[in-house]
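What the coordinates show
Next come the chains, spelled out residue by residue.
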Amino acid sequence: MKPNMASLLASTGVVTCALAVVALGIAAAGYDLSGAARAAVEGAVGSPFAVLSATLKRTAPFLMLGLAVAVAFRAGVLNIGAEGQFLAGAAAACAVGLFATPVLGRATLLLEIAAGMVAGACWAGIAALLKRRFAVAEVVSTLLLNFVAANVVAYLVRGPLQEPTGAYPQSSMLEPIARLPLLIDGQRLHAGFPIALILALATWWFFRSTAAGFRFRMTGSGRAAAASAGLINVNAVQMHALIASGAIAGLAGACEITGVTYVLYEGLSPGYGYTAIAVAMLGGLHPLAIVASATLFGALGAGADAMQRNAGVPAGFAVVAAALVVLGVLAIPRTLRLLRPAWPGRP
Amino acid sequence: MAEMVLVGNFLEAAVRSATPLGFAALGALIAERAGVVNIGIEGSLVCGAFASFVVAGLLGPEVGFLAGGLAGMSLGLVFAVFVVALRAQQIIVGAAVSMLGLGLTASLHRIAVSSTGPGAPISTFLPLQVPVLSGIPVFGQAFISQPVTTYLLYALFPLVGWGLYRTVGGIALRAVGEQPSAAVSAGHSPARIQCAALLACGFLSGLGGATLVVAQTGIYSDGMSAGRGYIAMAIVALGRWTPRGVAAGALIFGGVSALQFLTQAVNWRVPYTIVLATPYLLTLVAMAALRGTRVAPAALGQTLNRP
């Protein structure tokens, strides 16, 4: 499944159409369209600060979570629990950061990242176990676990991890040595971004050149065929895919808390895990194309914030644009037969 | 005596919290019995809430309630077009439709606020007392001192049950969810049936969202559906895909959110957030315990070949 010219054209067309529809909506609602557009473009790509501290800072979680979704979906596992796995990773990294920093110093950072990945993998592992042992569909279990994770975070920031004064429902701030380094002085872009890029390359190489990656893809293309013709243990492959997906989502959570927020609080993820489905979709589940789609969603978010701040246009329009992009990507292969990503459960 | 009032208050709050969930879960039940997983219900809920707030402010809560249903149904139509006509993956479409509903309502709300100021609270349905029945201790206070929308929901559960199990259309709908090819052999069109099921699902979800406004708060706030669309799917699984089970499941989830009031009243030491997580865990345990007894529709979530 290589991104070819036709699929690239189709995706570009979909994005253009979605933005055009939203622009029409903004104009129809009586806002100054050119002002809004200028604010959005400046906020997303207008200056080095906009690119590094707004767009690319937002791209990092979208990219990692998009990859997490893609790893699962490519193996035919519908993991819609990236949100919960992200929160589990963030909570674990925060706990490690708060308690281990006085003992370990600089090395805490590595432990935070590892804890995030393990926690994300374990959170997805619950769903994997329920699927394997009790035949509970992962679509339902991963979704339910999102809400459990949100409530666990809400408990942690009011209980064991709450800041000492007890006035706010959030954790203490991580020590500077327990944070991901910033890449450029004065900018908010952190080391999580190159980590995400390396992860994208690694995932691409995994699917393209390894036997395990081939088994993932086979299982996703057709369970029955993979099991009978390919002698693949599809149940084991899907379990591994779900756990790997959770580990990546947990990594995203760890990077967000050690690179951006430095504290754990309830609204840490404004639905990143759900947006990630859109990111992965637009990228056709291809790891390198997901880099592009995550950057687009990062720019969309940064532009929408600037638009609301400087031109008074509701940021909700960006959410509409994102939804239209996904629907457009779904509609195009059906109506034009241009793009054929391998879809779980597709005829 | 004080205990009985407390129990009555708690059950009354439980039924109140369960009402929007019940509408949405009933919608989810119909869609899932027709083989469609619709996580776009969240979008229908929030659109229903917004539309009912706007329309109720102009034309009163009755029309507002209906408008909420229609708004939810229009989002259900979008979902149906993509899933049934274009045969796209249900989960992806559902996620996108939820985003669409949340984004649209947030944008429209801000536009409305910036042009006319925040809308004043609308007049809501008041609890409707039924002679004799409302006077029954505890039971009357809990179940028969509710807004008229809750009584509508009481009537809908047996009605949907009758429709699903005792009518040709309902049996065909369940056949589509179990074995679509058998439904085709019997002369039914799965596409048409799934479309109808999704419109009904959207309408009921919209009514659920409208309930939040016209029967409870009287105001609209962004994202006020607060994940109830996803809870509805959990309720359907917990209720083993039957109307009776869904009614019980909605009451359980409603009861847990009503515990909020009870824990404050009796000064419990249990962290409330942990209590909030229990119904999700309960659903997972219930689904795991059902291993071997296949209760979910067999063709649930499958993309059908022929539209």
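Assigned secondary structure in chain B consists of 12 helices and 0 strands. Each helix and strand of chain B, ordered N terminal to C terminal, gives the series α-α-α-α-α-α-α-α-α-α-α-α. A globule of 307 residues ought to have a C-alpha radius of gyration of about 19 Å, and chain B, at 19 Å, matches this closely. By the burial criterion, 55% of the 307 residues in chain B qualify as buried. Within chain B, contacts between residues separated by at least 24 positions form 76% of all contacts whose residues are at least 6 apart in sequence. For chain B, the accessible surface area stands at approximately 12500 Å², while carbon and sulfur atoms represent 69% of it.

Listed per partner, the contact involves 42 residues of chain A and 38 residues of chain B. Taking both sides of the interface into account, the surface hidden between chain A and chain B amounts to around 3700 Å²; carbon and sulfur atoms contribute 80%. Contact with chain B buries surface across chain A, with Leu144, Asn151 and Leu327 of chain A losing the most and accounting together for 15% of the total. Remark: the boundary between chain A and chain B carries 0 salt bridges. Summed over the shared surface of chain A and chain B, the result is 1 residue pair in polar contact (both at pLDDT 80 or more).

Counting residues in hydrophobic clusters, the biggest one holds 193 residues, and the most contacted among them are Leu264 and Leu330 of chain A together with Ile39 and Val93 of chain B. Counting 5 residues, the second largest nonpolar core, distinct from the first, contains Leu52, Ala60, Leu189 and Phe193 of chain A.

A few words now on the packing of helix H7 (residues 168-178) of chain B against helix H9 (residues 190-217) of chain B. All names here are of chain B. Direction vectors running N to C along H7 and H9 enclose 105°, while the axes themselves pass 10 Å from each other. Considering the angle they form, H7 stands roughly perpendicular to H9. Contact residues: Ala172, Leu173 and Val176 in H7; Pro190, Ile193, Gln194 and Ala197 in H9. Along the lines of polarity and charge, the residues of the contact of H7 with H9 split into 6 nonpolar, 1 polar and no charged.

Moving on: the packing of aromatic side chains. One pass over the full model with this rule turns up 15 aromatic pairs over all chains. Arranged with centres 6.2 Å apart and planes meeting at 70°, the rings of Phe62 of chain A and Phe297 of chain A form a pair that is edge-to-face. Within this pair, whereas Phe62 of chain A is found in helix H3 (residues 48-74), its partner Phe297 of chain A is found in helix H12 (residues 287-311), the two being separated by 235 residues in sequence. Taking 5.9 Å as the distance between ring centres and 50° as the angle between the ring planes, the aromatic pair formed by Tyr151 of chain B and Tyr154 of chain B counts as tilted. Linking Tyr151 of chain B with Tyr154 of chain B, this pair stays in helix H6 (residues 148-166), spanning 3 residues, or about one helical turn. When its relative accessible area of 31% is taken as the criterion, Tyr154 of chain B is described as partly exposed. An aromatic cluster is present here, built from Phe147 and Tyr274 of chain A together with Tyr230, Phe253 and Tyr280 of chain B joined pairwise through their rings. Above the ring of Phe207 of chain A, the side-chain terminus of Arg74 of chain A is found at 4.6 Å from the ring centroid. The aromatic ring of Tyr262 of chain A is capped on one face by Arg179 of chain A, whose charged end is 4.0 Å from the ring centroid.

On to the environment of Ser11 of chain A, then. With respect to the helices, strands and loops of the structure, Ser11 of chain A is situated in helix H1 (residues 5-28). Taking the C-alpha atoms as reference points, Ser11 of chain A and Glu112 of chain A, 101 residues apart in sequence, are found 37 Å from one another.

With that out of the way, let us pick up the environment of Thr283 of chain B. Along the chain, Thr283 of chain B falls in helix H12 (residues 272-289). Taking relative accessible area as the criterion, Thr283 of chain B reaches 0% and is therefore assigned buried. Measuring from C-alpha to C-alpha, the distance between Thr283 of chain B and Gly239 of chain B comes to 8.9 Å, with 44 residues separating the pair along the chain. Residue contacts for Thr283 of chain B: discarding those within four places in its chain leaves Leu144 of chain A together with Ala234, Ala237, Leu238 and Phe253 of chain B.

On to H1 of chain A. Residue and element names in this part refer to chain A. Over its 24 residues, H1 runs 34 Å from end to end, which matches the ideal 34 Å to within 8%, given 1.5 Å per residue. For H1, the complete set of buried residues consists of Ser7, Ala10, Ser11, Val14, Val15, Ala18, Val22 and Ile26. Positive backbone phi, at 90°, marks Gly30, one or two positions downstream of H1.

Turning next to the confidence of the model for chain A. Mean pLDDT over chain A works out to 88, with 95% of the residues at or above the 70 mark. A low-confidence stretch, residues 337-347 of chain A stays under pLDDT 50, and its non-local contacts, those more than four residues away or across chains, total 31 contacts.

All names here are of chain A. Structurally, Thr108 can be placed in helix H5 (residues 108-134). A distance of 2.4 Å separates the side chain of Thr108 from the backbone oxygen of Gly105, its partner in a polar contact. Beyond its immediate chain neighbours, meaning those up to four positions away, Thr108 contacts Val96, Gly97, Ala100, Thr101 and Ala178.

Residues and elements named next belong to chain B. On the secondary structure map, Arg33 appears in helix H1 (residues 2-33). Buried within the structure, Arg33 lacks any salt-bridge partner; its nearest side chain of opposite charge belongs to Glu178, at an N-O separation of 4.6 Å. Within polar-contact distance, the side chain of Arg33 engages the side chain of Tyr165 at 3.3 Å.

The next point concerns the packing of helix H4 (residues 82-104) of chain A against helix H10 (residues 234-261) of chain A. All names here are of chain A. Running from N to C, H4 and H10 cross one another at 50°; their axes reach a closest spacing of 7 Å. Taken as axis vectors, H4 and H10 run oblique relative to one another. As for how H4 packs across H10, the hand of that crossing is right-handed. Of H10, the residues touching H4 (which contributes Ala82, Gln85, Phe86, Gly89, Ala90, Ala93 and Cys94) are Ser245, Gly246, Ala249, Gly250, Ala252, Gly253, Ala254, Glu256 and Ile257.

All names here are of chain B. On the surface, Val54, Leu58, Leu59 and Val63 cluster together into a nonpolar patch covering about 390 Å² of accessible area. Of all the elements, helix H2 (residues 41-59) adds the most residues to the nonpolar patch, at 3 residues. Looking at the element boundaries, Val63 is found in helix H3 (residues 61-85).

Basis of the calculations
- Residues numbered from 1 in each chain as written.
- Chains lettered and ligands numbered in written order.
- Predicted model: local features only at pLDDT ≥ 70, side-chain atom pairs only at ≥ 80, totals over all residues.
- Heavy atoms only, no water.
- Helix = DSSP H or I, 4+ residues; strand = E, 2+ residues; numbered from the N terminus.
- Rg over C-alpha atoms; globule rule 2.2 N^0.38 Å.
- Buried < 20%, exposed > 50% of the residue type's maximum accessible area, 1.4 Å probe, protein only.
- Contact = heavy atoms within 4.5 Å.
- Areas by Shrake-Rupley, 256 points an atom, 1.4 Å probe, with all protein chains shown as cover.
- Buried area = accessible area lost by both parts, 1.4 Å probe.
- Salt bridge = Lys/Arg side-chain N within 4 Å of Asp/Glu carboxyl O.
- Polar contact = N/O pair within 3.5 Å; in protein donor to acceptor, adjacent residues only side chain to side chain.
- Core = buried A, V, L, I, M, F, W, Y, C linked by side-chain atoms within 4.5 Å.
- Axes fitted to C-alpha atoms, helices over the stretch in contact; angles between N-to-C directions.
- Parallel < 35°, antiparallel > 145°, perpendicular 65-115°, else oblique.
- Nonpolar A, V, L, I, M, F, W, Y, C, P; charged D, E, K, R; others polar.
- Phe/Tyr/Trp six-rings, centres within 6.5 Å; stacked < 30°, edge-to-face > 60°.
- Lys NZ or Arg CZ within 6 Å of the ring centre and 35° of its normal.
- Expected span 1.5 Å × (residues − 1).
- pLDDT = per-residue confidence, 0-100.
- Lys, Arg positive; Asp, Glu negative; His and termini not counted.
- Left-handed = near helix turned anticlockwise from the far one by under 90°.
- Patch = residues over 30% accessible without salt bridge, like charges linked within 9 Å, V, L, I, M, F, W, Y side chains within 5 Å.

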